[in-house]
Amino acid sequence: PLYFGTISVATGFVLMIGGWLGLGLLAIVWPWFALHYFPRKERSEGARLEEIYGDAFRAYRAAVPAVWPRLRAWSDTATSKAAIRWDLACYSDNNELGTLLALVAGVIVFIVRARVRLG
């Protein structure tokens, strides 16, 4: 589901650009995502998570599609809910801070661009 969110956010930014430029960028972004980004991330993250979590990750990977989200949340009864919590260090280790900063920068660019257009 994280990969679906990634391509959705990228598509949203491209659609905000609009016009022929937006269509051209979509023609670049989607193949790049499908042929480069996703396979590379799936290999590297999958191997790292399997090494860390072993059978628990293999069960998760077998039950949860990599790109398309499920309608119902997946739960592993073998994993304690108390042990799963958000952690800034883990967030940083997974290089998600860069994603957040890129997202914020993109939103700021579009806000500034909209204000300039409105005068």
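Residues numbered from 1 in each chain as written. Predicted model: local features only at pLDDT ≥ 70, side-chain atom pairs only at ≥ 80, totals over all residues. Heavy atoms only, no water.

(A) Seen up close, the overall build of the protein. A count of helical and extended segments in the protein gives five helices and zero strands. Counting from the amino terminus, helix and strand elements in the protein follow one another as α-α-α-α-α. Compactness check: the protein gives a C-alpha radius of gyration of 18 Å against a globular reference of 14 Å for 119 residues, more than 25% above the reference. Seen through its principal axes, the protein has C-alpha atoms that stretch 55 × 30 × 25 Å. Looking at the 119 residues of the protein, the share that counts as buried comes to 18%. Residue pairs in contact within the protein that sit at least 24 positions apart in sequence constitute 55% of those at least 6 positions apart. Accessible area for the protein stands at about 9,100 Å²; split by element, carbon and sulfur atoms hold 69% of it. Between the averaged position of the 13 positive side-chain charges in the protein and that of its 9 negative side-chain charges there is a distance of 12 Å. (Helix = DSSP H or I, 4+ residues; strand = E, 2+ residues; numbered from the N terminus. Rg over C-alpha atoms; globule rule 2.2 N^0.38 Å. Buried < 20%, exposed > 50% of the residue type's maximum accessible area, 1.4 Å probe, protein only. Contact = heavy atoms within 4.5 Å. Areas by Shrake-Rupley, 256 points an atom, 1.4 Å probe, with all protein chains shown as cover. Lys, Arg positive; Asp, Glu negative; His and termini not counted. Charge placed at Lys NZ, Arg CZ, Asp CG, Glu CD.)

(B) Examining helix H5 (residues 96-118) more closely. With 23 residues, H5 should cover 33 Å at 1.5 Å per step; its first-to-last C-alpha distance of 33 Å lies within 8% of that length. If you check which residues of H5 are buried, you get Glu 96, Gly 106 and Phe 110. Of the residues flanking the end of H5, it is Gly 119, one or two places downstream, whose phi is positive at about 85°. (Expected span 1.5 Å × (residues − 1).)

(C) Quick look at the side chain of Lys 41. Its location among the elements puts Lys 41 in helix H2 (residues 19-53). Relative accessible area serves as the criterion here: at 16%, Lys 41 is assigned to the buried category. Ignoring any residue separated from it by four or fewer positions in sequence, one finds Lys 41 in contact with Tyr 3 and Gly 46.

(D) Region of interest: the pattern of salt bridges. For the structure shown, the criterion picks out four salt bridges. Taking the shortest distance from any N to any O, the salt bridge between Glu 42 and Arg 61 comes out at 3.4 Å. Pair noted here: Glu 42 is in helix H2 and Arg 61 is in helix H3 (residues 55-63), with a separation of 19 residues, a long-range link. The closest approach of N and O atoms between Arg 58 and Glu 50, which form a salt bridge, is 2.6 Å. Take Glu 50: its relative accessible area is 34%, and that puts it in the partly exposed class. Here the salt bridges share partners, and the residues they tie into one network are Glu 50, Asp 55 and Arg 58. (Salt bridge = Lys/Arg side-chain N within 4 Å of Asp/Glu carboxyl O.)

(E) Representation of the layout of surface pockets within the structure. Roughly 550 Å³ of volume is contained in the second largest pocket. Together, 22 residues line the second largest pocket, and Thr 6, Val 9, Tyr 37, Thr 99 and Ala 102 are the ones closest to its centre. For the lining of the second largest pocket, the secondary-structure elements that each account for two or more residues are helix H1 (2-17), H2 and H5. Among the elements that make up the lining of the second largest pocket, the one with the highest residue count is H1 (eight residues). Across the lining of the second largest pocket, the residue classes tally to twelve nonpolar, six polar and four charged. (1 Å grid on protein atoms, 1.4 Å probe; cavity = no way out; pocket = protein on both sides within 12 Å on 5 of 7 lines; lining within 4 Å. Points joined across faces, edges and corners; volume = space filled by probe spheres on them. Nonpolar A, V, L, I, M, F, W, Y, C, P; charged D, E, K, R; others polar.)

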